[in-house]
Every structure is written in C-alpha cells, then in structure tokens.
Amino acid sequence: MKIGIIREGKVPVDKRVPLLPEQCQLLQKKYPQLSFAVQSSPIRCIADEAYLQAGLSVVDDISDCDVILGVKEVPIPQLVEGKTFFFFSHTIKKQAYNQKLLRTILDQGIHLVDYECLTDANGNRIVAFGRFAGVVGAYNGILGYGKRHHLFDLRRAHECRDLKDLRTEFDKVKLPAIKIVVTGGGRVGNGITEVLEGMNIERVSPADFLNKTFTYPVFTQLRSKDYYIPAEGNTWNSEEFYQDPTSYQADFLKYAHQAEILISGHYWNPEADVLFTKEDMTKPEFKIEVVADVTCDIEGSIPSTLRATTIDAPFYDYNPTNGREVSAFSSFEHINVMTVDNLPCELPYDASEAFGNQLMEYVFPAFFDGDAQEIIKRASITKDGELTPIYDYLSDYANEETV
C-alpha cells in the first residue's frame, strides 16, 4: 500500500499535516508493505527536508498512491479520480459551500473517508483536532477580554513555538471577578478547561455559578442537560435529545445573565433550539461581552456567529442593536466575537503530532486487518460513484444543480 500525504490547498492556508516524518517511519517499521509519498509543500509546519531526512519520498505528483491523506477539504483540481481520500469534507451537515466538492467526488468515483465520521463500535470519535481547537479557542477568548478592557497583552497562539511556549503566557492573565461559561465536553471542552485551569481560574458548579457571588474569576462547564429542558411532564433523556432535540427548549439565558465570557465548544444539531436570540442580546440583563465560538456554526446556536474569521484577524464586533458586524473592539456597546474555524492551525505541530498518533493507533490497523471493526466502512461517505447507505440522506444535497 502506498500512502500519499497531499499538499494542503485550501485558503486560508493550513499548516497541519496528518503524519509527521517520525510517525511515517514507525508505521513503515510496523507494516513493511507500507510506503509513503509526500507532496512537496512550502506551507506545511514540517519542511520537505525533514521528510527527506527520514528517508521518505517527496514528490510533486501523488496520483500513483492508493490512499491520499489530507486535513482540510481538498480543492477540486487536486482530486484524483478513483482514489481513496481521507480528509475533513464538511459535507455531512449538507454545508452548501462544499456541495460542488461532494458532487465532483461522486462523479470521479472517489472513495471519500471523512475523519469526522471515524468512530469506534460505540460511536465515539477516534481521530480529531478537538483538544487543540478548545485550547486555542479558550486562549483567544481570554485574549479578547484582556484586549477589550486593556488588562494585559498576550502573544497570539501562532506566535508561540508550541503548546509549552503558549503556557508561559498564562501567568500574564490577571482577571477581575468575572464569570466564564463553557459549553460542551469531549475533546473540545477538555481543551477549553485545560487553558482556564492553567490560568488558575477556578471551576465552579453550574448551581454555584448562577447563585453565588465570587471575589475572583470563575468558570463553569455545562453539558446539554444544564441548558436544555424537556417538554413539560417529560424527563431528560440524553439519547432522545441527541437524536431529536425538537422537544427540548433552550434554558441558557440564565447563564448569559451571569457570564461576561462565553466559550462555546458544544455540538449543535440544526434542529435544536438556539441558545439565545438576537433580541435577547439587546436586553440590559444580557451580560456576555466576549464570545469565543470554537464550534463556529455560522448562524447556528449563537446568533452573533455571522461568519468564520481568520487567524490573522480573529475578532469582529457584533452590534446587538442592529444585528450587524462592525470593526473589532470599536465600542463597549458591542460584543467581541471570535469565530476562527481552523483554530488548531495556530499550534500546527502539536496538533499534527496528536492527530497522527490517533491515526496510527486506530486507523492504520484497519488497513491491514480487512477493516475488521468496520471503522473505515462507517466513515465512508462515497464509494464507487455512489453515496454509501449510511450517508444516503445526502442524496438531495449531492444532486442539487445550484447552491
């Protein structure tokens, strides 16, 4: 089997890579029948020379590879007909901006395996960049609050060498007695809390967050059951909520009336109730000043998420009076919003290393055991020019003539 590592082509540029040189070497040692071809790239966080020094082939053309690994969506001109591709396709929610990509993948008979859909037998995701999205998202949220109130200056995450270097900035953070609300668990939520606890911000229970006054900064981490309530007469049922949230109502406003910062890391089903409305944001009791939307669901559960921002320009201001975007940090009447959609790119080496370790542990064995646990099968969106049965619900989206 020959594995190709593609040159990332999406704009803005993404410096991450699915496998580091030393990880490729370890895989070749474990699976002698495996070889790699690395497409030359001037932007990757690992220089071509490092792959060459590891004894790997660096080439311009990877069309002879059996499997091609990327990170972000592969631009249509870089697709290779009939090949197997692994990347984050961002199509499973019928994202309009990638409809043409999915249509082309089907037309070219490409076997698309989406990292987001790689799960174990219990449905748990096995490869993700979530921890680093949470880490950088939380860091940016605190950076934004400090900038808003001229409290401290932090280096941007991408200006730090790595996560260890980033942590040296934590001691600069001196916050007043504010409250920070965090949504979501899993890798993203854990990455968020890793940063907040690293800054010596104390964690408190949701009940204490709502009912107590503190003389120092605190945060609380919410699960869905903390801010969604079932229909009258029903009890909370997690499985029911995640499958069909339409009978549950958002009960988040009580936290928005207490918190100065919202760092969102929750998964949101488009069928679910929004956390709060644009109208809610105009009320004087709405206290949130900074929103760090790690999940970046545009016009999703958080109304101020109007678009994705970039690493170079991570913030904009949201004017609650008219619901429009304005210049970042232009008025205390505005809400500062951070919606970078490729946060792990700010720590590309650490993120790539962790991601590669997950691929080595969970995915590569499936290449050589006939996919005994059906890990690859469950994540295969297309194969042989067709949507697979699991993803047949995308047929109307894939066949749209215009988007």
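Reading guide: rules and limits
Residues numbered from 1 in each chain as written. Predicted model: local features only at pLDDT ≥ 70, side-chain atom pairs only at ≥ 80, totals over all residues. Heavy atoms only, no water. Helix = DSSP H or I, 4+ residues; strand = E, 2+ residues; numbered from the N terminus. Rg over C-alpha atoms; globule rule 2.2 N^0.38 Å. Buried < 20%, exposed > 50% of the residue type's maximum accessible area, 1.4 Å probe, protein only. Contact = heavy atoms within 4.5 Å. Lys, Arg positive; Asp, Glu negative; His and termini not counted. Charge placed at Lys NZ, Arg CZ, Asp CG, Glu CD. Arc of directions from axis to C-beta. Salt bridge = Lys/Arg side-chain N within 4 Å of Asp/Glu carboxyl O. Domains from an automatic or database assignment. Buried area = accessible area lost by both parts, 1.4 Å probe. Polar contact = N/O pair within 3.5 Å; in protein donor to acceptor, adjacent residues only side chain to side chain. Pairing = 2+ DSSP bridges. Axes fitted to C-alpha atoms, helices over the stretch in contact; angles between N-to-C directions.

Visitor: What should I look at first to understand the overall build of the protein chain in this one?
Guide: Within the protein chain, the secondary structure is distributed over 13 helices and 18 strands. Against the 2.2 N^0.38 benchmark of 22 Å for 403 residues, the protein chain shows a C-alpha radius of gyration of 22 Å, consistent with a compact globule. With respect to the principal axes defined by its C-alpha atoms, the protein chain has extents near 60 × 50 × 35 Å. Evaluated residue by residue, the protein chain yields a buried proportion of 53% over its 403 residues. In the protein chain, the proportion of contacts linking residues at least 24 apart, taken out of those at least 6 apart, comes to 68%. A distance of 4 Å separates the average location of the 40 positive side-chain charges in the protein chain from that of its 59 negative side-chain charges.

Visitor: I'm lost on unusual backbone geometry in this one. Help?
Guide: For residues other than glycine, phi is negative in most cases, and the peptide bonds are mostly trans. The peptide bond linking Val-11 to Pro-12 adopts the cis configuration, its omega dihedral lying at 5°. As for its position among the elements, Pro-12 is in the loop between strand S1 (2-5) and helix H1 (21-30). The backbone of His-150 sits at a positive phi, close to 55°, despite the residue not being glycine. Here His-150 shows up in the loop between helix H4 (130-149) and helix H5 (163-167). Judged by relative accessible area, His-150 falls into the exposed class, the value being 70%. Residues other than glycine seldom take positive phi values, yet Glu-299 does so here, at roughly 50°. Following the sequence through the fold, Glu-299 ends up in the loop between strand S13 (290-293) and strand S14 (315-319). Judged by its relative accessible area of 64%, Glu-299 is exposed.

Visitor: Help me out: how do you make sense of the environment of Gln-258 in this one?
Guide: With respect to the helices, strands and loops of the structure, Gln-258 is situated in the loop between helix H10 (253-256) and strand S12 (261-264). On the basis of relative accessible area, Gln-258 is assigned to the partly exposed category, the value being 24%. Sequence separation between Gln-258 and Thr-213 is 45 residues; the distance between their C-alpha atoms is 9.9 Å.

Visitor: I tried to follow H1 on my own but got confused; where do I start?
Guide: Given 3.6 residues to a turn, an α-helix orients residues that are three or four positions apart in the same direction. By the burial criterion, the buried members of H1 are Pro-21, Gln-23, Cys-24 and Leu-27. All buried residues of H1 project into a common sector of 160° when viewed along the axis, lining one side. Exposed residues lying more than 90 degrees from the buried face of H1 are Leu-26, Lys-29 and Lys-30. Against the buried residues of H1 lie S1, strand S2 (35-39), helix H2 (48-53) and helix H11 (348-368).

Visitor: Is there a simple way to explain the pattern of salt bridges in this structure?
Guide: For side chains of opposite charge, pairing can occur when their charged atoms come near one another. This model, assessed by the stated rule, comprises 22 salt bridges. We note a salt bridge from Asp-48 to Arg-44, for which the minimum N-O separation is 3.7 Å. A single burial state applies to Asp-48 and to Arg-44, both of which are buried. A salt bridge links Asp-107 to Arg-103; the nearest nitrogen and oxygen atoms lie 2.9 Å apart. Taken as a pair, Asp-107 and Arg-103 lie in helix H3 (residues 99-107) at a separation of four residues, close to a single helical turn. Residue Asp-107 is classed as exposed on the basis of its relative accessible area, which comes to 53%. One salt-bridge network, held together by shared partners, links Arg-155, Arg-161, Asp-165, Glu-169 and Lys-172.

Visitor: Any chance you could explain the domain arrangement of the protein chain here in plain terms?
Guide: By a frequent convention, interface size equals the accessible area lost on bringing the separate parts together. Each assigned domain of the protein chain is listed here: domain 1 (2-127 + 349-399) and domain 2 (130-341). For domain 1 and domain 2, the distance between their C-alpha centroids amounts to 31 Å. Taken residue by residue, the interface counts nine residues in domain 1 and eight residues in domain 2. Regarding the contact of domain 1 and domain 2, the summed buried area is about 690 Å², with carbon and sulfur atoms giving 51% of it. A salt bridge links Asp-297 to Lys-93, with the shortest nitrogen-to-oxygen separation between them at 3.6 Å. Put simply, domain 1 and domain 2 have two residue pairs in polar contact (both at pLDDT 80 or more) between them.

Visitor: Hey, could you run me through the sheet that holds strand S7 (residues 179-183) in this one?
Guide: Judged by pairing direction, the sheet is mixed, and its eight strands sit side by side in the order S8-S9-S7-S12-S13-S16-S14-S15 without closing on themselves. The open sheet is flanked by strand S8 (202-203) and strand S15 (324-326), the only strands paired with a single partner. With three bridges connecting them, S13 and strand S16 (residues 335-338) associate as parallel partners. Bridge pairing links Val-291 to Val-337 in S16. Contacts from H4 reach S7, S12, S13, S14 and S16, with the element oriented near 160° to S13. In the packing of helix H6 (residues 186-198) onto the sheet, the strands contacted are S7, S8, strand S9 (218-222) and S12, and the crossing angle to S9 comes to about 170°.

Visitor: Can you help me understand the side chain of Arg-148 in this one?
Guide: Here Arg-148 lies in helix H4. Filtering out sequence-adjacent residues up to four positions away, Arg-148 remains in contact with Glu-289, Val-290, Phe-329, Ser-331, Phe-332, His-334, Ile-335 and Asn-336.

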